[in-house]
Amino acid sequence: VLSWGVPDDGRLGIAPLPDDIVWLPTAVEGVPADPLQIACGDAFTAVLTASGELWAWGSNLDGQLGLGDDGDDECESPRRLLSGLGLSVAHLACGTTHMAALDDLGALWVWGDRFGATPRRAMLPRPAADAGGGAVDDGDAEAGAAGSGCAIVACGAGCVLAVSVLGECFVWGE
C-alpha cells in the first residue's frame, strides 16, 4: 500500500509524521501484504485485506477509526480494527467521518460520527423508496428489517447506503 499527499492527522499512515507534503508514493509500513480494498474518508484511510482483516489510520476525532471512547484523536500508523470482535470483514466503505463494514456473515457494522466511536451492528432501516427524500432519524438504523443480511454497503458524506441480500436498498443519515 502506497500513499502520498498532505500528511495532516496521520492520514498517510507514514510514521514519523512528515513535516511537509509527500510528493512521491511512499510505502505504508505495517499493513499486511494482501490488500483487497482501500477506502478513504476526509482525513483517514482504511484497508481491507484478502484475509478479512481491517486496518486504518489517520484522524479519529469523530471516532471514525472505531477505537472506542478511549482512542487517540489521530493514528499515524496502521491499526487493526474489529479484531476484538472476532470478525472477518468482506467489504468496507468510508464516509467523511464514519465507516461501515460487512462481515462475512452479512452483518453490517457502523462507527464514527453519529454512530459513536465503538463499532456496533446496525439493523437495516426502512427501504430508501419509503424515505420520501427526507433524512431518516438515527434511531431508525436499528429498527426495520430484522436480521436481513446485507450484500453491499457504501457511504456518502453523512449517510450509509446498504443493499440487502434480497436486493432491497436502504439509506440513512443526512
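Our structure's up above, just so we're on the same page.
Procedures and definitions
- Residues numbered from 1 in each chain as written.
- Predicted model: local features only at pLDDT ≥ 70, side-chain atom pairs only at ≥ 80, totals over all residues.
- Heavy atoms only, no water.
- Helix = DSSP H or I, 4+ residues; strand = E, 2+ residues; numbered from the N terminus.
- Contact = heavy atoms within 4.5 Å.
- Areas by Shrake-Rupley, 256 points an atom, 1.4 Å probe, with all protein chains shown as cover.
- Pairing = 2+ DSSP bridges.
- Axes fitted to C-alpha atoms, helices over the stretch in contact; angles between N-to-C directions.
- Core = buried A, V, L, I, M, F, W, Y, C linked by side-chain atoms within 4.5 Å.
- Buried < 20%, exposed > 50% of the residue type's maximum accessible area, 1.4 Å probe, protein only.
- Disulfide = S-S within 2.5 Å.

Student: I tried to follow the overall build of the protein chain on my own but got confused; where do I start?
Tutor: Secondary structure summary: the protein chain contains zero helices and 13 strands in total. Of the regular secondary structure in the protein chain, the N- to C-terminal order runs β-β-β-β-β-β-β-β-β-β-β-β-β. Summarising the internal contacts of the protein chain: among those between residues at least 6 apart in sequence, 46% fall at separations of at least 24. When the accessible surface of the protein chain is summed, it comes to about 8,200 Å², and 52% of that surface belongs to carbon and sulfur atoms.

Student: Help me out: how do you make sense of the sheet that holds strand 3 (residues 35–40) in this one?
Tutor: The strands making up a sheet are joined through hydrogen bonds of the backbone, oriented either antiparallel or parallel. Strand order in the open sheet made by the four strands is 3-4-5-6, with antiparallel pairing throughout. Unpaired on one side and paired on the other, strand 3 and strand 6 (74–81) mark the two borders of the sheet. Each strand axis lies, on average, 15° off the axis of its neighbour in the sheet, ignoring direction. Examined bridge by bridge, strand 5 (residues 54–59) and strand 6 share five bridges and lie antiparallel to one another.

Student: Would you mind going over the nonpolar core with me for this structure?
Tutor: Across soluble globular proteins, you tend to see nonpolar side chains buried next to one another. If you look at the biggest cluster of nonpolar residues, it comprises 19 residues, and the most contacted ones within it are Leu54, Leu82, Met99 and Trp111. Put simply, the parts of the chain that give this core at least two residues each are strand 4 (44–49), strand 5, strand 6, strand 7 (89–94), strand 8 (98–103) and strand 9 (108–112). One finds Ala93, Leu102, Ala122 and Phe170 within the second-largest nonpolar core, a separate group that totals 15 residues.

Student: I keep staring at the sheet that holds strand 8 and nothing clicks. Help me out?
Tutor: Across the sheet, which stays open at both edges, the four strands sit in the order 7-8-9-10 with antiparallel pairing between neighbours. The open sheet has two edge strands with one neighbour each: strand 7 and strand 10 (120–122). Taken over all neighbouring pairs, the strand axes of this sheet differ in orientation by 30° on average, direction set aside. Sheet topology places strand 9 next to strand 10; three bridges connect them, and they run antiparallel. The residue of strand 10 that forms the bridge with Val110 is Arg120.

Student: Teacher, can you tell me more about the pairing of strand 12 (residues 159–164) here?
Tutor: Side chains on a regular strand alternate between the two faces of the sheet. Alignment of strand 11 (residues 150–155) against strand 12, held across five bridges, turns out to be antiparallel. Bridging across to strand 12, Ala154 finds its partner in Leu161. Bridge count between strand 12 and strand 13 (residues 169–173): five bridges; the pairing is antiparallel. The residue of strand 13 that forms the bridge with Ala162 is Phe170. In sequence, strand 12 turns back onto strand 13 through a hairpin of four residues, with Gly167 there showing a positive phi of about 85°.

Student: How do you make sense of the environment of Glu29 when you look at a structure like this?
Tutor: Among the structural elements, Glu29 can be located in the loop between strand 2 (22–27) and strand 3. A relative accessible area of 62% means that Glu29 is categorised as exposed. Residues Glu29 and Pro78, 49 residues apart in the sequence, show an inter-C-alpha distance of 7.7 Å.

Student: Hey, could you run me through the state of the cysteines in this one?
Tutor: Each disulfide consists of one covalent bond between the sulfur atoms belonging to two cysteines. All chains considered together, the criterion is met by zero disulfides. Cys159 forms no disulfide, and the closest cysteine sulfur to it belongs to Cys155, at a distance of 7.5 Å.

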